[in-house]
Amino acid sequence: MFTGIVEELGRIEAMEPAGDDIRLTVHGPLVTSDAARGDSIAVNGVCLTVTDLGTAPGDPAAADTFTADVMPETLTHSSLGALTVGSPVNLERAVRVDGRLGGHIVQGHVDGVGTVLARTPGDRWEVVRVAIPAELARYVVDKGSITLDGVSLTVSGVGTDAPDGTDTDWLEVSLIPETLARTTLGATGVGSPVNLEVDVLAKYTEKLLGVAR
């Protein structure tokens, strides 16, 4: 379980094909500082299991990279397969039960991939509009919670209109200077894919009420 509060901006060190899956190695000194094999770390909002830890050159006691296996299901339903060596990634360790829930309840289970439609800068902030799959639109509400590439954000707008006149479901988020500086969203350009995780409470509510999809 995560909260969507990014702890560290990491970097992809290696992507090794392993059959129809890949083995991902990520540089992240903070998230590996107390990590062990079997721990969960979210990479751009995707919960991955640590399978190995790498050591920093000249300091065998200090781990600064971790390796995780990414299965075909994850590659199909997230943007991890589009990463390359050197790509920056948002990293978050699983939340401790005695910690603060700074964002919202995030599972690290990506529901779909959106596309950045526009970025509108303000004085020190920026509004980002993201196209979302139609099947996820019902879970997104104004002033509700959404996770974009592992970042917990408040939805500041929703709509269906597109510049080309077609109906495209979209949401908007307003990014504060801290988010722009400390996460990948500060440099995610128009046309880029972003991992989406909707609020799990909305999905449970729908199931319990028996609402038809």
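See the structure printed just above.
Reading the values: the criteria
Residues numbered from 1 in each chain as written. Predicted model: local features only at pLDDT ≥ 70, side-chain atom pairs only at ≥ 80, totals over all residues. Heavy atoms only, no water. Helix = DSSP H or I, 4+ residues; strand = E, 2+ residues; numbered from the N terminus. Buried < 20%, exposed > 50% of the residue type's maximum accessible area, 1.4 Å probe, protein only. Contact = heavy atoms within 4.5 Å. Areas by Shrake-Rupley, 256 points an atom, 1.4 Å probe, with all protein chains shown as cover. Lys, Arg positive; Asp, Glu negative; His and termini not counted. Charge placed at Lys NZ, Arg CZ, Asp CG, Glu CD. Pairing = 2+ DSSP bridges. Core = buried A, V, L, I, M, F, W, Y, C linked by side-chain atoms within 4.5 Å. Polar contact = N/O pair within 3.5 Å; in protein donor to acceptor, adjacent residues only side chain to side chain.

K.L.:
Please give an account of the overall build of the protein chain that cites residues and values.
P.N.:
A count of helices and strands for the protein chain gives three helices and twelve strands. For the C-alpha atoms alone, the extent of the protein chain along its principal axes is close to 55 × 45 × 40 Å. Split into buried and exposed, the 213 residues of the protein chain put 42% on the buried side. Sequence-distant contacts in the protein chain: of pairs separated by 6 or more residues, those separated by 24 or more amount to 66%. Counting every atom, the protein chain has about 10900 Å² of accessible surface; 54% of that belongs to carbon and sulfur. Looking at charge distribution, the protein chain has the averaged site of its 15 positive side-chain charges lying 4 Å from that of its 30 negative ones.

K.L.:
Run through the pairing of strand S11 (residues 167-175), naming residues and quoting values.
P.N.:
One ladder, built from six bridges, connects strand S8 (residues 126-131) with S11; its direction is antiparallel. Residue pairing across strands places Val 128 opposite Val 173, the latter belonging to S11. Relative to S11, strand S10 (residues 151-161) is paired through five bridges, and the arrangement is antiparallel. The partner of Asp 161 across the bridge, within S11, is Asp 167.

K.L.:
So, the nonpolar core: which residues are in play, and what are the values?
P.N.:
Ranked by size, the top nonpolar core spans 20 residues in total, and within it Ile 146, Leu 148, Leu 153, Leu 171 and Val 173 carry the most contacts. If you list the elements that add at least two residues to this core, you get S8, strand S9 (145-148), S10, S11 and strand S12 (193-198). Beyond its immediate chain neighbours, meaning those up to four positions away, Leu 153 contacts Gly 144, Ser 145, Ile 146, Leu 148, Val 173, Leu 175, Thr 179 and Leu 185. One finds Val 26, Ile 41, Val 50 and Val 70 within the second-largest nonpolar core, a separate group that totals 18 residues.

K.L.:
Describe the environment of Arg 93, naming the residues involved and giving the relevant values.
P.N.:
Locating Arg 93 in the fold gives a position in strand S6 (residues 88-93). Between the alpha carbons of Arg 93 and Leu 75 there is a distance of 21 Å; along the sequence they are 18 residues apart. When residues no more than four places from it in sequence are discounted, the contact partners of Arg 93 are Phe 2, Glu 7, Leu 30, Val 31, Ser 33, Asp 34 and Ser 40. Here Asp 34 takes part through its side chain, which lies 3.0 Å from a polar atom of the side chain of Arg 93.

K.L.:
If you had to explain helix H3 (residues 200-209) to someone new, which residues and values would you point to?
P.N.:
Capping the start of H3 is the job of one residue whose side-chain oxygen sits 3.1 Å from the backbone nitrogen of Leu 201: Asp 199. Remark: Gly 210 follows H3 within two positions and exhibits a positive phi of approximately 70 degrees.

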